[in-house]
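Residue-level structure breakdown
One letter stands for each residue in the lines below.
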Amino acid sequence: MEVDVRGDLEYAIRQLKKKLQIDGIKRELKRREYYEKPSVKKRRKAAEALRKLRKFNRLRNRV
């Protein structure tokens, strides 16, 4: 992941944080910090799939 510094370090840090949030890397690191039971993992994946589907439908209906 690359961020253009352009002499302003604060700006570069904000851009990096934004890219990490969009990619979901920060969330993934937090999730892997502790063991997740298979039943909890299954529920989380189902919730994520539902969230993705709703977002897709919302974007599709906008056009």
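Located above this text is the structure these notes cover.
Below you will find a few notes about this structure. Being a predicted model, the structure only gives us computed values, none of them experimental.

What about the overall build of the protein?
Helix and strand content of the protein: three helices and zero strands. When the elements of the protein are put in sequence order from the N terminus, they spell out α-α-α. For a compact globule of 63 residues, the expected C-alpha radius of gyration is about 11 Å, and the protein comes in at 16 Å, more than 25% above that figure. Overall, the C-alpha framework of the protein stretches about 45 × 40 × 15 Å when taken along its three principal axes.

Section: the side chain of Arg44
Relative to the helices and strands, Arg44 is located in helix H3 (residues 38-62). For Arg44, a relative accessible area of 18% corresponds to the buried category. Arg44 has contacts with Arg31 and Glu36, leaving out every residue within four places of it along the chain.

Remarks on the environment of Gln21
Inspection of the secondary structure assignment puts Gln21 in helix H1 (residues 9-23). The class for Gln21 is exposed, based on a relative accessible area of 60%. Sequence separation between Gln21 and Lys37 is 16 residues, and the spatial gap between their C-alpha atoms is 25 Å.

Some details on the pattern of salt bridges
All chains considered together, the criterion is met by five salt bridges. Here Glu36 ties to Arg31 by a salt bridge, and the two come within 3.2 Å at their closest N and O atoms. The exposure class assigned to Glu36 is buried, which follows from its relative accessible area of 19%. Ionic pairing is found between Arg44 and Glu48, a salt bridge with its closest N-O pair at 2.9 Å. Taken as a pair, Arg44 and Glu48 lie in helix H3 at a separation of four residues, close to a single helical turn. Here the salt bridges do not stand alone but share partners, grouping Glu28, Arg31, Arg32, Glu36, Arg44 and Glu48 into one network.

Cut-offs used in this document
- Residues numbered from 1 in each chain as written.
- Predicted model: local features only at pLDDT ≥ 70, side-chain atom pairs only at ≥ 80, totals over all residues.
- Heavy atoms only, no water.
- Helix = DSSP H or I, 4+ residues; strand = E, 2+ residues; numbered from the N terminus.
- Rg over C-alpha atoms; globule rule 2.2 N^0.38 Å.
- Buried < 20%, exposed > 50% of the residue type's maximum accessible area, 1.4 Å probe, protein only.
- Contact = heavy atoms within 4.5 Å.
- Salt bridge = Lys/Arg side-chain N within 4 Å of Asp/Glu carboxyl O.

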